[in-house]
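# Examination of the molecular architecture
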Amino acid sequence: MPLTIDQLNTAPLPDVAAALDGLYEHSPWIVERTLVQRPFLSLAHFKHALVQTVKAGGRVAQLDLIRAHPELAGKAMVAKTLTAESTNEQGKAGLTDCTPEEFARIQQLNADYNARFGFPFILAVRGPRGTGLNKAQIIEAFGRRVHHHPDFELAEALRNIHRIAEIRLNDKFGVEPTLGNDVWDWQEKLSVHSDPGFAEKGQLTVTYLTDAHRACAQRISHWMRDCGFDEVEIDAVGNVVGRYHGATPNAKYLLTGSHYDTVRNGGKYDGRLGIFVPMACVRELHRTGRRLPFGFEVVGFAEEEGQRYKATFLGSGALIGDFKPEWLDQKDADGITMREAMQHAGLCIDDIPKLRRDPARYLGFVEVHIEQGPVLNEMDLPLGVVTSINGSVRYLGEVIGMASHAGTTPMDRRRDAACAVAELALYLEQRAAKDGDSVATIGQLQVPSGSINVVPGRCSFSLDLRAPTDAQRDALAGDVLAELAAICERRGLRHTLEETMRAAAAPSAPALQQRWEAAVKAQGLPLFRMPSGAGHDAMKLHEVMPQAMLFVRGENSGISHNPLESTSSEDMQLCVQAFAHLLDSLAQDPL
């Protein structure tokens, strides 16, 4: 019989410890030390407590834990001395049935990995969906991680150990993240649509109003109807809009959603997670015939990334009346104007002004999104509450010096433009770090017509400065620009600088942020507040109505805008549950 939370909290400690034997490979001390903290509010609470026990154990105990694990397809598997749990997991991944070539490759990777790190390679081979990675995915992860920094890889090994324990714990409790699995499956099925030139390479790219983009819109709209939305439409800019009516005809609406377009060769969860999580909530409401005191509107925004045209946040911007007519004349790389693309897609351009929402008809806007960063992953937290979306400012600049012979120009007589920008880059690191949550980046740095034997006479560069408040951003920008001027003055150089973008910070509305905080606590998880360094559709809606966001942990150190972007079914399940809690909270105690 599966274990229950009540048994976890009330059964004699030796009995519970015995029932949880094998959770962590040959390391019963983790469960034993954690159980003394009973009671636990939820299985998620217990999982987090287990993680904290390992952290508190110290580096020696952590290394012992890692070394207690067998190599993948290693000697223990060949000798059939794996634990029952490891035998099951490696068998499901096909590692017990490798070809000679696959086996040889894994053995070489095992040897290289052990030589580099001094402990075996650990991978949760049942994967983020729990159904198992295939051998190609396992070998790819192995080959990638062998090049990590040792400290980073130690942490990655521990994270995978905790994922293994999480899956084993689910098995012991008979728990299946069914809602998280459904959200996962929607995203996987949607990812089959990709633009030409990328689809052939197995890469995901969905840009505005391409065939793949329109196929995504159709697929999302069909799923919305299946979930029980009362109204579903694709609007005049390509947004997919689903409405689940409230209990009364004139009820206000809660607005939510995110984007379904992607960057080039991107991930499957950026944006799309924020469409499918609330869809799962609507489906559960519909299944039980329940209506909320307010309506619920879920929007799959057609464009947020600005990949095909220079019109970032086009989808959410249209909802606040910020669609600029001059965008229609922009051309893509093939010379197709946005107007032509819209007409080809059958969109009614004349109806775009009608998309503007009346803020008085809405309670506000909430959005869930994969974090797109390493913080939650490093803290072993599934969910984080966003306090503010950072304000940002961007510049394009150039430093002008004097090109001269690299061999004959003495070091103290050079007017090196690239060294000036390099000095500025180092200053950015130091200055942004003083603020804690500020970030500063030189993402582009070029020496036009540079030669290996010429002192750079010109250096072009970009600046991207972000901070949680406008005042903090402006102070950062002021210091950086002053330092640039001082560097050029000291080195005898001149510079040009053009501001190309400025976006205001979007602090979360306290009343909505508090609902997210209560929703996270209700899952038995510690509350963690954090700013968002990336921009989101919530930034646009913030201009006309209150907004607040919830982040979901990403795997692979939280990487995003990358095919490695991922999260687990369990984390998505917690996100759906948190969203449902927020809806219940608003139903019982309206804003």
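One structure accompanies this document, and this report is about it. Position labels on residues start from 1 in each chain and follow its written sequence. The predicted nature of this model means local features are confined to residues of pLDDT at least 70 and side-chain atom pairs, given and counted, to a pLDDT of 80 or more, with totals for whole chains, interfaces and linings taken over all residues. The side-chain numbers reported here are obtained from all heavy atoms of the structure, hydrogens and water having been left aside.

### What to know about the overall build of the chain
For the chain, the count of helices and strands is 20 helices and 16 strands. To get the radius of gyration, use the C-alpha atoms; to get the globule rule, take the number of residues to the power 0.38 and multiply by 2.2 Å. By the compact-globule yardstick of 25 Å for 591 residues, the chain fits well, its C-alpha radius of gyration being 26 Å. Considered along the principal axes of its C-alpha atoms, the chain spans approximately 75 × 75 × 45 Å. Throughout, exposure labels follow a simple rule: accessible area from a 1.4 Å probe, protein chains only, divided by the maximum for the residue type, with under 20% read as buried, over 50% as exposed, and the rest as partly exposed. Taken across its 591 residues, the chain has 55% of its residues classed as buried. Numbering goes from the N terminus for both helices and strands, where a helix is a DSSP run of H or I of at least four residues and a strand is a run of E of at least two.

### What about empty space enclosed by the protein?
Put plainly, a pocket is an open set of points on a 1 Å grid over the protein atoms alone with protein on both sides within 12 Å along at least five of seven lines, a cavity is a set where a 1.4 Å probe fits but cannot get out, and a lining residue has an atom within 4 Å of a point. Grid points are joined across faces, edges and corners, and a volume is the space filled by probe spheres set on the points. One pass over the full model with this rule turns up two cavities of 30 Å³ or more. Volume-wise, the largest cavity comes out at about 160 Å³. Along the walls of the largest cavity sit 16 residues, with L72, S86, E89, L123 and I164 positioned nearest its centre. Every element with two or more residues in the lining of the largest cavity is listed here: α6 (84-92) and α9 (150-173). Residue polarity follows a fixed list, in which Ala, Val, Leu, Ile, Met, Phe, Trp, Tyr, Cys and Pro are nonpolar, Asp, Glu, Lys and Arg are charged, and the others, Gly among them, are polar. Broken down by class, the residue content of the lining of the largest cavity amounts to nine nonpolar, three polar and four charged. A breakdown of the residues in the lining of the second largest cavity according to their chemical character gives six nonpolar, two polar and two charged.

### Observations concerning unusual backbone geometry
Most peptide bonds take the trans configuration, and most residues that are not glycine carry a negative phi. In this model, R38 is joined to P39 through a cis peptide bond whose omega is 5 degrees. With respect to the helices, strands and loops of the structure, P39 is situated in the loop between α3 (29-35) and α4 (43-67). Unusually for a residue other than glycine, H26 sits at a positive phi of about 55 degrees. On the secondary structure map, H26 appears in the loop between α2 (13-19) and α3. Taking relative accessible area as the criterion, H26 reaches 59% and is therefore assigned exposed. Residue Q372 is not a glycine yet carries a positive backbone phi of 65 degrees.

### What about the state of the cysteines?
Each disulfide is one covalent bond, formed between the sulfur atoms of two cysteines. Disulfide: a pair of cysteine sulfur atoms within 2.5 Å of each other. A full pass over the atoms with the stated rule returns zero disulfides. Unpaired in terms of disulfides, C419 finds its nearest cysteine sulfur in C459, a separation of 9.4 Å. Here C575 stays free of any disulfide, with the sulfur of C281 as its closest cysteine sulfur at 8.0 Å.

### Quick word on the packing of aromatic side chains
Only Phe, Tyr and Trp rings are paired, with Trp represented by its six-membered ring, and only when their centres lie within 6.5 Å; those with planes under 30 degrees apart are stacked, over 60 edge-to-face, the remainder tilted. Counting across every chain of the model gives 16 aromatic pairs. Taken together, a centroid distance of 5.9 Å and an interplanar angle of 70 degrees make the contact between Y113 and F119 edge-to-face. Pairing Y253 with Y362 gives two aromatic rings, centres 6.4 Å apart and planes at 50 degrees, and the pair type is tilted. In this pair, Y253 sits in strand β3 (residues 253-259) while Y362 sits in strand β5 (residues 362-370), placing the two residues 109 residues apart along the sequence. In this structure an aromatic cluster arises from ring pairing among Y113, F117, F119, F121 and F142. The positively charged end of R159 is found above the aromatic ring belonging to F152, 5.9 Å away from the centroid. The residue whose ring lies beneath R291 is Y244, and the NZ or CZ to ring-centre distance is 4.2 Å. By definition, being over a ring means that NZ of Lys or CZ of Arg is both within 6 Å of the ring centre and within 35 degrees of the ring normal.

### Some words on the pattern of salt bridges
Each reported salt bridge corresponds to a side-chain nitrogen of Lys or Arg within 4 Å of a carboxyl oxygen of Asp or Glu. By the definition in use, this model includes 44 salt bridges. Across the pair R243 and E233 runs a salt bridge, and its minimum N-O distance is 3.4 Å. Of this pair, R243 sits in strand β2 (residues 240-244) while E233 sits in strand β1 (residues 231-234), and the two are ten residues apart along the sequence. You can call R243 buried: its relative accessible area is 15%. Since its relative accessible area comes to 34%, E233 is described here as partly exposed. Notably, a salt bridge pairs K540 with E543, separated by 3.3 Å at the nearest N-O pair. A single network of salt bridges, built from pairs that share partners, joins E231, E233, R243, E297 and R357.

### Quick word on the pairing of strand β12 (residues 458-467)
By the criterion of burial, β12 is predominantly enclosed, with nine of the ten residues buried. Two strands qualify as a pair provided DSSP detects at least 2 bridges between them. Pairing geometry for strand β10 (residues 445-446) and β12, over two bridges, is antiparallel. Residue L445 lies in a different strand from β12, and its bridge partner there is F461.

### Remarks on helix α10 (residues 178-190)
Residues separated by three or four positions in an α-helix point in the same direction, a consequence of the helix having 3.6 residues per turn. To estimate how far a helix should extend, the number of its residues minus one is multiplied by 1.5 Å. End to end, α10 covers 18 Å across 13 residues, agreeing with the expected 18 Å (1.5 Å per residue, within 8%). Considering only its buried residues, α10 is in contact with α11 (211-227), α12 (273-287) and α20 (569-588). Should any heavy atoms of two residues lie within 4.5 Å, those residues are counted as being in contact.

### Regarding the pairing of strand β6 (residues 383-389)
β6 sits mainly inside the fold: six of its seven residues count as buried. The pairing of β6 with strand β16 (residues 547-552) spans three bridges and is classified as antiparallel. In the sheet register, V385 faces β16, and the bridge partner there is L550. Pairing between β6 and strand β15 (residues 529-532): three bridges, direction parallel. Note on β15: the bridge partner recorded for I389 is S532. As paired strands, β6 and strand β14 (residues 506-507) are joined by two bridges and run antiparallel to one another. Residue pairing for β14: I389 is matched across the bridge by A506.

### Observations regarding the packing of α12 against α20
Angles shown run from 0 to 180 degrees and are taken between the N-to-C directions of axes, each axis being a line fitted to C-alpha atoms and, for helices, limited to the stretch in contact. Contact geometry for α12 and α20: axes closest at 9 Å, N-to-C directions at 60 degrees. Here α12 is positioned oblique relative to α20, judged by the angle of their axes. Between α12 and α20 the crossing geometry is right-handed. On α20, the residues that touch L273, V277, P278, A280, C281 and L285 of α12 are M572, C575, V576, F579, A580 and L583. The class makeup of the residues in the contact of α12 with α20 is twelve nonpolar, no polar and no charged. By the definition adopted for this analysis, an angle is roughly parallel if under 35 degrees, roughly antiparallel if over 145, roughly perpendicular if from 65 to 115, and oblique otherwise. In this scheme, a crossing is called left-handed if the near helix is turned counterclockwise away from the far one by less than a right angle; it is called right-handed if the turn is clockwise.

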